[in-house]
Protein chains: 2
Amino acid sequence: MTSAISLFTPVESDLAVLTETLKQLVGARHPILYAAAEHLFGAGGKRLRPAIVLLIARATLPQQDISAKHRRLAEITEMIHTASLVHDDVVDEAGVRRGVPTVHSSFGNRVAVLAGDFLFAQSSWHLANLDNLTVVKLLSQVIMDLAEGEIQQGLNRFDPSLSIDAYLEKSYYKTASLLANSAKAAGVLSNVSDDLADHLYGYGRHLGLAFQIVDDVLDFTASADTLGKPSCSDLSSGNVTAPALYAIEEHPALAGLIDREFAENGDFESAIALIEDSKGLERTKDLARVHSRLAVQHLDDLPPSESKQALIKLADYVLSRAY
Amino acid sequence: MTSAISLFTPVESDLAVLTETLKQLVGARHPILYAAAEHLFGAGGKRLRPAIVLLIARATLPQQDISAKHRRLAEITEMIHTASLVHDDVVDEAGVRRGVPTVHSSFGNRVAVLAGDFLFAQSSWHLANLDNLTVVKLLSQVIMDLAEGEIQQGLNRFDPSLSIDAYLEKSYYKTASLLANSAKAAGVLSNVSDDLADHLYGYGRHLGLAFQIVDDVLDFTASADTLGKPSCSDLSSGNVTAPALYAIEEHPALAGLIDREFAENGDFESAIALIEDSKGLERTKDLARVHSRLAVQHLDDLPPSESKQALIKLADYVLSRAY
């Protein structure tokens, strides 16, 4: 299995610079935020979002070094992503993420709310100062979508009547919107054609969906150790994802268990057994595969380059995490 | 004593429309957010910020009705202000504001963080879609300043060595930046000269400082009933404001009480007594008066109109609250 890091070879040194820049931007003036920034940007995150922006920068302008605006856009995507994680953890009262204690469990709700707001505020400011209204609109849409996704997830818990379409919409808001809009924004900064910009959006959208779908598989299959959080945490907290939705089609009794929020002894164990006994996980992996392939098709118009190859391989890598 | 509402006569019907629009924009799709929006935008807020934007729109373009962009800007200022209040209340763990229970005490931390994020996200999106990069930059600076102000206040508690300049800087971040930058943005949308835009910024800045300084007086002088929150809540939570800073110059012992965070029995009562025995409150009112007058001077270049008169009277009204 390839690691994400080795795929990022064409932009490896750029990502190292980005990490340092982020720590400086966020932590420069406030000791507590510095600690939070070290915690957030030092803890071996995959930096998937900035890597995609930087790879698209190289793939669309192969003759040039990556521009300052592309670098700033890459930083903004990681700030937005991190801000939303920090606030999600407050909302979900999560204690651990990727095996590392969350900001709110390490520093308290106060600092977590402040740090998230500060990251959102910094990203808005840096965004405005990219001096490109199209890019501002694309990324402000992401911030709207993240809030919408978090609200949908927060308000529609334990709903077994969710359709797969509604599940995909939720996954778009939560994960794919940022990848789609920042991939397109990277193209806009390279002055690509409208058509190519839309394809880059399509790449990010389908890659993001595949990524989220695989994450939802891993929540059922990975041990707490691998994933860095307890297994089946989605279902137990009422976040009903594709494996459960498919399993309900085979075992309608599962809907009842979810609907009563696993109120009776053994409900949760029965639910897991029904999902394992179904084709839910296989069908979910198939769904991820569809979106991974669609992502790659959107790259057809990009000229060949090492960075284009990395973007293609990334779509395979996302799938490989589920096996 | 004039009420703020009667000053807003030139834009009274516009403010009524704005309140309904805000409830719709925020609460349209989510029942819990609808409840929070009713709570936030229904509870007799003064709507100072949108009123200033609307009055400047009328004063700078006296021959026209208020434009859709000015109305949207007015809504954005109230969204940003409300978002920051909601998150401040989570950070400060405040139970009551303006006599009304806070969102986090009524609906819990989860909904308060979500509602604040949703309001910030909506404001970013509407801002980007004003299609004016200058306005985007002005308001994204406000969002940065609010985060900076909240962090400064959160991290520098119980610091009796704060200078009056540092206190004014904190007050600028917390309150005046939004008034200053949105007043300027209202002028920018009216295509005023750069010089007039800067004067509008100056008006908002000094009015905002006067407003905050008076608020800090009221925290010491108003009963819990009038202000809607317990008196002296700033000092007790470690937020050292002008009355205490001036009082320290007369009674250096006060610094020690603050520095040890009122750890010993009677410390807090002694501190209040020292402040009441000093010229702190009088000098603070004088400081507010200076900024109120400076605000009015910045309006000299505006042509005469009913709205200009309202902006001038507003600066008097802000002071009158302290008497």
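Residues numbered from 1 in each chain as written. Chains lettered and ligands numbered in written order. Predicted model: local features only at pLDDT ≥ 70, side-chain atom pairs only at ≥ 80, totals over all residues. Heavy atoms only, no water.

Side note on the overall build of chain A
Alright, step 1. Counting its regular elements, chain A contains 16 helices and 2 strands.
Alright, step 2. Relative to its length of 323 residues, chain A is compact, with a C-alpha radius of gyration of 20 Å against a globular reference of 20 Å.
Alright, step 3. As presented, chain A carries roughly 12400 Å² of accessible surface, and 50% of it is formed by carbon and sulfur atoms.
Alright, step 4. For chain A, the separation between the mean place of its 28 positive charges and that of its 42 negative charges on side chains is 5 Å. (Helix = DSSP H or I, 4+ residues; strand = E, 2+ residues; numbered from the N terminus. Rg over C-alpha atoms; globule rule 2.2 N^0.38 Å. Areas by Shrake-Rupley, 256 points an atom, 1.4 Å probe, with all protein chains shown as cover. Lys, Arg positive; Asp, Glu negative; His and termini not counted. Charge placed at Lys NZ, Arg CZ, Asp CG, Glu CD.)

Looking at the interface of chain A and chain B
Alright, step 1. Each side of the interface is counted separately: chain A has 38 residues, and chain B has 37 residues.
Alright, step 2. Regarding the contact of chain A and chain B, the summed buried area is about 3600 Å², with carbon and sulfur atoms giving 68% of it.
Alright, step 3. Inspection of the chain A/chain B interface yields 2 salt bridges.
Alright, step 4. The closest approach of N and O atoms between K137 of chain B and D131 of chain A, which form a salt bridge, is 2.7 Å.
Alright, step 5. Counting the contacts that link chain A with chain B gives 6 residue pairs in polar contact (both at pLDDT 80 or more).
Alright, step 6. Those elements that provide at least two residues to the side of chain A that touches chain B are helix 3 (31-42), helix 5 (68-92), helix 6 (103-128) and helix 7 (133-155) of chain A.
Alright, step 7. Broken down by class, the residue content of the side of chain A that touches chain B amounts to 19 nonpolar, 11 polar and 8 charged. (Contact = heavy atoms within 4.5 Å. Buried area = accessible area lost by both parts, 1.4 Å probe. Salt bridge = Lys/Arg side-chain N within 4 Å of Asp/Glu carboxyl O. Polar contact = N/O pair within 3.5 Å; in protein donor to acceptor, adjacent residues only side chain to side chain. Nonpolar A, V, L, I, M, F, W, Y, C, P; charged D, E, K, R; others polar.)

Concerning the side chain of D14 of chain A
Residues and elements named next belong to chain A.
Alright, step 1. Among the structural elements, D14 can be located in helix 2 (residues 12-27).
Alright, step 2. Assessed through its relative accessible area of 7%, D14 is described here as buried.
Alright, step 3. In this view, D14 contacts L54, R58, I66 and R71; residues no more than four positions away in its chain are not counted. (Buried < 20%, exposed > 50% of the residue type's maximum accessible area, 1.4 Å probe, protein only.)

Re the relation of the copies chain A and chain B
Alright, step 1. The two copies are related by a screw operation: chain A maps onto chain B through 180° of rotation and 0.0 Å of translation along the axis, at an RMSD of 0.0 Å. The superposition operator between the copies reduces to a two-fold rotation axis. Considering only C-alpha atoms, the part of chain A nearest the rotation axis is L133 of chain A, at 3.2 Å.
Alright, step 2. The overlap is high: 97% of the interface residues of chain A also sit at the interface in chain B, so the same surface is used on both sides. (Least-squares fit on C-alpha atoms with pLDDT ≥ 70 in both.)

Focus: helix 9 (residues 194-221) of chain B
Alright, step 1. Taking 1.5 Å as the rise per residue, helix 9 of chain B with 28 residues should run 40 Å; its terminal C-alpha atoms sit 40 Å apart, in good agreement.
Alright, step 2. The buried fraction of helix 9 of chain B is high, at 20 of 28 residues. (Expected span 1.5 Å × (residues − 1).)

Quick look at the nonpolar core
Alright, step 1. In this structure, L139 of chain A together with L139 of chain B are the most contacted members of the largest nonpolar core, which totals 229 residues.
Alright, step 2. Every residue in contact with L139 of chain A, bar those within four places of it in the chain, is listed here: L73, I80, L127, L178, N181 and A185 of chain A. (Core = buried A, V, L, I, M, F, W, Y, C linked by side-chain atoms within 4.5 Å.)

Side note on the environment of L18 of chain B
Residues and elements named next belong to chain B.
Alright, step 1. Within the secondary structure, L18 sits in helix 2 (residues 12-27).
Alright, step 2. Along the backbone, L18 and A51 are 33 residues apart, and their C-alpha atoms lie at a distance of 9.8 Å.
Alright, step 3. Other than its neighbours up to four places away in sequence, L18 contacts R47, P50, R71, A74 and E75.

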